[in-house]
Each structure stands twice: as structure tokens, then as C-alpha cells.
Amino acid sequence: MSDARLSVLKTYKLYVGGKFPRSESGRVYEVTDAKGKWLANAPLSSRKDARDAVVAARKAFGGWSGATAYNRGQILYRVAEMLEGRRDQYVAEVADAEGLSKSKAAAQVDAAIDRWVWYAGWTDKIAQVVGGGNPVAGPFFNLSSPEPTGVVAVLAPQESSFLGLVSVIAPVIATGNTAVVIASEKSPLPALSLGEVLATSDLPGGVVNVLSGRTAEIATPLAAHQDVNAIDLAGADETLAKELEIAAADNLKRVLRPQPVDGVDWSATPGTDRMTAFLETKTVWHPTGALGASGSSY
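Analysis parameters
- Residues numbered from 1 in each chain as written.
- Predicted model: local features only at pLDDT ≥ 70, side-chain atom pairs only at ≥ 80, totals over all residues.
- Heavy atoms only, no water.
- Pairing = 2+ DSSP bridges.
- Helix = DSSP H or I, 4+ residues; strand = E, 2+ residues; numbered from the N terminus.
- Axes fitted to C-alpha atoms, helices over the stretch in contact; angles between N-to-C directions.
- Contact = heavy atoms within 4.5 Å.
- Core = buried A, V, L, I, M, F, W, Y, C linked by side-chain atoms within 4.5 Å.
- Buried < 20%, exposed > 50% of the residue type's maximum accessible area, 1.4 Å probe, protein only.
- Polar contact = N/O pair within 3.5 Å; in protein donor to acceptor, adjacent residues only side chain to side chain.

Caption draft 1: Main features of the sheet that holds strand E6 (residues 178-182). The strand order across the open sheet formed by 5 strands is E7-E6-E5-E8-E9, and the pairing between neighbours is parallel. Looking at which strands have only one partner, the edges of the open sheet turn out to be strand E7 (208-211) and strand E9 (254-256). The mean angle between the axes of side-by-side strands here comes to 15 degrees, regardless of whether they run parallel or antiparallel. Where strand E5 (residues 151-155) lies against E6, 5 bridges are found, and the strand directions are parallel. Bridge pairing in E6 places valine 152 opposite alanine 179. Helix-sheet contacts for helix H8 (residues 215-224) involve E5, E6, E7 and strand E8 (230-232), and the interaxial angle to E6 is about 150 degrees.

Here it is as C-alpha cells:
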């Protein structure tokens, strides 16, 4: 019996609503490594795929935003556990995508996993940083608390196929938003593989939806979509970012446009800016009751 065998080539698919569909258009495009060698055919998403992803994200928003912050942290930590278990796969994919040595790709993957754990730890702490009790005149409690904005369209960084990807997805969902993510156009494979981890990590279907294809083609309908509440333009160039900002103004989307759009150091300490960018503050007034000479009735 011959030891020769044919390799089983992986079929990459979109991740939408907790499922793995091909593009409804049936289109694919070739993904190559840094040297131009063919790696795989990735789905070439259409406007219809983008609309389907928004529907899935909106459907998932109520349950995800209503979950306790502690529960969201548990689920995000579970994602990190599974990323650690598939570390070798991601090292290979990042090395191919970005033309890195195995050691440099491993450093990128390790940093991405650590970044995911970092955001998992913030889920039940961010409210204490951006919310709290406000001193007011009169017999009232005045409390401010952060709430998620809603459905966020995320243009993943073009050059950082995994660390940059994690750095824009994790803060969006850690705070209770749901996401429609457009993977790096030239290096989408790590993002599509991330969908396989998310699908088996207790993350509800629809919380993260991953699309691959031409960034401008997918982002344009998302920026104009009336049921998308915010957009992160990390993966847009200057020209596209301006066009998307104009389209986003139609329903007053929140827009996060890093400066500069290119050249961001994704390995730098992230801070809380990407979490607070997609949070809104709700302030509630409540009477304390009658105040007498002895103080509050409470």
C-alpha cells in the first residue's frame, strides 16, 4: 500500500449568524501568501451577505447586551482558551499571510491571545471607569451607567491579519455590542478561522459575523445601513474612510476613525478607547425620599 496521499484542502467560509455559509453570490477570490503563492479561495462577499450579517447581529444584540458582564467575560475567556489550543494553526496562517518567520508569527499570535484575555477581564470593570454616582443638589440619587451602542460594523486592519483583528473585535463585543466584521482583504484566512473558534466557544450566534472580500464593496452598504449603529474604520484607507463617514452620517452612526488610518502599532497597550468608543451613557435620577432634620429617610 502506497504512503502517498492527497492533501485535504480547507474550504474557507463566511461566519454569519453562528453558521458557515458560502457567499450568496457564489463568488470566491484567490488568497495568496506574501510571495504570491496560492493559499486558498476565500468567499467574495456581496451586499446581500452584508445585509444578512446585520440581520443576524441585530437578532443577537438583545441577548448579548442583556447578559451579565461577568458572563460575557467568561465567554471571552473561553475564546482565548480555544485560541491557545489552536495556536499552531494561527501561527502558520499568520506567517503565510504577513510573510513573517515562524518565531515572529508566534509572537503576533501570543500577543493576540493575551489581548483577548485582557479584554475579557474588562467586561465587568469598564462600568466602574466610565459610570458611577454623580453629586447633585437636591434629594436625588443620580447614577450614570454605560450601555452598548448596538450593531457595529468593523473594518479589520489590512496589514495585521490577527493581532489587529483581535484588537478591533474584542473591545466591541466585550461591552455588549454585536459586530459585523470585514476581514483584511488580502489576508482574510486568520479571520475566517477565528469564526470556527467563536462558533464552538459559547459565544451566541450572530454576536460576531465575519465577511471576506473587497473591503470597499462590503463596507459601503454597511456604512449606509439604517440598522448599523456604529462603524470602526480601522481597515479603510483615507479615501474610503471619507466616503464611509459621509454615508454613516445619514443615520448619525458613531464613527471611529484612527489617525493615521495606516501605520497603527497594534502591539501597543490598547487602553480603553476602543471600548468607550461604542458605549453610550444612561443617566438615571431617583428621589431619595423625605429628608428631615436627622437626614435621609434611608
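Structure shown, so let's carry the discussion forward.
Caption draft 2: Structural context of the nonpolar core. Of all hydrophobic cores here, the largest spans 62 residues; its most connected members are Trp116, Phe162, Ile169, Ile173 and Val208. Apart from residues lying up to four places away in sequence, phenylalanine 162 is in contact with Leu83, Tyr90, Val94, Glu98, Val109, Ala112 and Pro190.

Caption draft 3: Inspection of the environment of lysine 35 at higher detail. Within the secondary structure layout, lysine 35 lies in the loop between strand E1 (28-32) and strand E2 (38-43). Residue class for lysine 35 comes out exposed when judged on its relative accessible area of 82%. Separated by 22 residues in sequence, lysine 35 and lysine 13 have C-alpha atoms that sit 23 Å apart.

Caption draft 4: Broad picture of the side chain of serine 212. Position of serine 212 relative to the elements: it lies in the loop between E7 and H8. Within the structure, serine 212 has its side chain in polar contact with the backbone oxygen of proline 43 (distance 2.7 Å). Setting aside chain neighbours within four positions, we find serine 212 in contact with Leu14, Tyr29, Ala42, Pro43, Leu44, Ser45, Pro188, Leu192 and Ile218.

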